[in-house]
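# Reading the structure
This is what each chain is made of:
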Amino acid sequence: MKNFLSIKDLSKEEIYDILDFAKEIEKHPKPNILDGKIIGSLFFEPSTRTRMSFISAAYRVGAKVLGFDSPDASSIKKGESLRDTIKMVEVYTDAIVMRHSIEGAAKFAAEISRVPILNAGDGANEHPSQTLLDLYTIREQFGTLENLKIAFVGDMKYGRTVHSLAKALSDFGCEFYFVAPDIIQIPSHILQELDNKKISYKLISEYSDILNIIDIMYMTRIQKERFDNLEEFNQVSGIYKISKDKIVDKCKDDMIILHPLPRVDEISVDLDDTKYALYFKQAANGIPIRSALFAYALGVKKFDSYRSENNNKIISYKTSKCNNIMCVTNFEKTENKVVNTSYGNFCYYCGKEII
Ligand code: CP
């Protein structure tokens, strides 16, 4: 695996390979498999879990880590471009973990870098390593990833973890409920992918009617920092708040509550000690998953399975820029590449439809 930029970079079989290897690492730690390797950790956006668990994961398999946890601590502050930053960090490291507020930033970096890039979240676009730990947690609980009913609740528009997990679970016959007010409902390019795969989903604004049929309740924070209109944020802030009295005796006995965290006010602490609350365990699963990811990215571990063919054609338009103002093509000098599919043309970097 050269880079890990989107959950769609992995076939279903490759996902299983990574989950299995993470399980093996969890059971039988492998403290030396990345001896002599150096990981670059570049966080242009705030993070607690992703940054620290990637670092912890690297140490636990023998790698060393260097980098920064804020762009203010790098020469970006002096006006250096992302392109030049990556050109330098590739010299110092064997792989780069990168979080950025701009959508498609990781894909752009991967084109510049000769060392693997691992996307630790790119704006509102994707968060694929989070998806792997979500899948790991789900499989640990249910013994399968197949045919589950999942309700995503909260910020469907800006919640990158929702985008990546929905894409992943669409290959496992799951059914989706996207629970959100209209102004932060799931983007059309995600729904187009589900339509293309003939996946069953519903867009609703209340979860009470489906609470007794879902296996997973995936709560999310309303992402204040991504709204360009504070009035819109105020309309939806605090809209979904679950607590013991709203969940216990109303959901399936084995339903689980997941949340990528951080939470603000959407899950009451009175749920933390219930059997439904798996969000802290979910975050802890980031360590074996990210250790496993490093092993695949650095070639210490190879996939047992074959990569599925990606039939999308990429064509180049030199004149047009992506319409998404948060796309990397609007920040860095790059050609705009368009992925041509049977259901539309999409920006290669940020995944948004080109209209
Ligand atoms: N889940 C997650 O991405 O958390 P952080 O923002 O703390 O990394």
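Above this text sits the structure in question.
Note that the structure is a prediction, hence the values are computed from the model and not measured.

### Focus: the site of the ligand
- Near the ligand, the surroundings consist of S47, T48, R49, T50, R51, G121, Q130, P260, L261 and P262.
- It is helix α2 (residues 49-60) that contributes the most residues to the shell around the ligand, 3 residues altogether.
- Grouping the amino acids of the shell around the ligand by side-chain chemistry returns 3 nonpolar, 5 polar and 2 charged.
- Residue-level mapping places the shell around the ligand at the junction of two domains, with at least three residues from each of domain 1 (7-127 + 285-297) and domain 2 (130-284).

### Observations regarding the pairing of strand β11 (residues 336-341)
- As defined by bridge partners, β11 adjoins strand β12 (residues 344-347) across 4 bridges and the pair is classed as antiparallel. Across the sheet, residue N340 finds its bridge partner in β12, namely N345.
- Counting the residues that bridge the hairpin from β11 to β12 gives 2 residues.

### Digging into the sheet that holds strand β3 (residues 95-100)
- Here we have 4 strands laid out as an open sheet, ordered β2-β1-β3-β4, and parallel in their pairing. Where the open sheet ends on each side, the last strands, each with one partner, are β2 (64-68) and β4 (117-122). The mean inter-strand angle of the sheet, taken between neighbouring strand axes irrespective of direction, is 15°.

### Points about the sheet that holds strand β8 (residues 216-219)
- The parallel open sheet is built from 5 strands, whose spatial order is β7-β6-β5-β8-β9. The open sheet terminates on both sides in strands that have one partner only, identified here as β7 (201-204) and β9 (256-258). Direction aside, neighbouring strands of the sheet carry axes that sit 20° apart on average.
- Note that strand β5 (residues 149-153) and β8 share 4 bridges and pair parallel. Residue V153 lies in a different strand from β8, and its bridge partner there is M219.

### Focus on the pairing of strand β1 (residues 38-43)
- Where burial is concerned, most of β1 is hidden: 5 out of the 6 residues are buried.
- Across 5 bridges, the pairing between β1 and β2 is parallel. Within β2, the residue paired with I38 across the bridge is K64.
- Once you follow β1 into α2 and on to β2, the crossover reads as right-handed.
- Examined bridge by bridge, β1 and β3 share 5 bridges and lie parallel to one another. Residue L42 lies in a different strand from β3, and its bridge partner there is M98.

### Focus on the packing of helix α5 (residues 128-142) against helix α6 (residues 160-169)
- At a minimum axis separation of 8 Å, α5 and α6 run at an interaxial angle of 55°. One way to sum up the angle between α5 and α6 is to call them oblique. For the pair α5 and α6, the crossing hand works out as right-handed. Facing P128, Q130, T131, D134 and L135 of α5, the residues of α6 in contact are T161, S164, L165 and A168.
- Of the residues in the contact of α5 with α6, the class split is 4 nonpolar, 4 polar and 1 charged.

### Examining helix α1 (residues 12-27)
- The end-to-end C-alpha distance of α1 is 23 Å, a good match for the 22 Å that 16 residues give at a rise of 1.5 Å each.
- Where α1 is buried, its residues touch α5, α6 and α11 (286-297).

### Notes on the environment of A151
- Structurally, A151 can be placed in strand β5.
- Taking C-alpha positions, A151 is 9.4 Å from K202, a pair spaced 51 residues apart along the chain.
- Discounting chain neighbours no more than four positions away, the residues touching A151 are Y177, V179, Y207, I210, I214, M217 and Y218.

### Looking at the nonpolar core
- A109, F152, Y218 and F294 are the most contacted members of the largest nonpolar core, which has 103 residues in total.
- If sequence neighbours within four positions are ignored, Y218 has contacts with I150, A151, F152, V153, L165 and L258.

### Some words on the environment of E193
- Following the sequence through the fold, E193 ends up in helix α7 (residues 188-196).
- Residues E193 and S170 lie 23 residues apart in sequence; the distance between their C-alpha atoms is 8.7 Å.
- Leaving out residues up to four positions away in the same chain, E193 has contacts with K167 and S170.

### Concerning the packing of α1 against α5
- In the contact formed by α1 and α5, the axes pass within 10 Å of each other and the chain directions differ by 70°. In terms of orientation, α1 and α5 fall into the roughly perpendicular class. Residues I15, I18, L19 and A22 of α1 form the contact with α5, whose own contacting residues are L132, L135, Y136 and R139.

### Concerning unusual backbone geometry
- Note the cis peptide between L261 and P262, where omega equals 5°.
- When you line up the elements, P262 lands in the loop between β9 and α10 (279-284).
- Non-glycine residue N147 carries a positive phi angle of around 55°.
- Among the structural elements, N147 can be located in the loop between α5 and β5.
- Overall, the presence of 11 C-beta atoms within 10 Å leaves N147 in the exposed class.
- Within the chain, K198 stands out as a residue other than glycine whose phi angle is a positive 60°.
- Looking at K198, the number of C-beta atoms within 10 Å reads 7, which means it is exposed.

Calculation notes
- Residues numbered from 1 in each chain as written.
- Predicted model: local features only at pLDDT ≥ 70, side-chain atom pairs only at ≥ 80, totals over all residues.
- Near = placed C-beta within 6 Å.
- Helix = DSSP H or I, 4+ residues; strand = E, 2+ residues; numbered from the N terminus.
- Nonpolar A, V, L, I, M, F, W, Y, C, P; charged D, E, K, R; others polar.
- Domains from an automatic or database assignment.
- Pairing = 2+ DSSP bridges.
- Axes fitted to C-alpha atoms, helices over the stretch in contact; angles between N-to-C directions.
- Buried ≥ 20, exposed ≤ 12 C-beta atoms within 10 Å, placed from the backbone.
- Right-handed = clockwise from strand over helix to strand, strands pointing away.
- Parallel < 35°, antiparallel > 145°, perpendicular 65-115°, else oblique.
- Left-handed = near helix turned anticlockwise from the far one by under 90°.
- Contact = placed C-beta atoms within 7 Å.
- Expected span 1.5 Å × (residues − 1).
- Core = buried A, V, L, I, M, F, W, Y, C linked by C-beta atoms within 7 Å.

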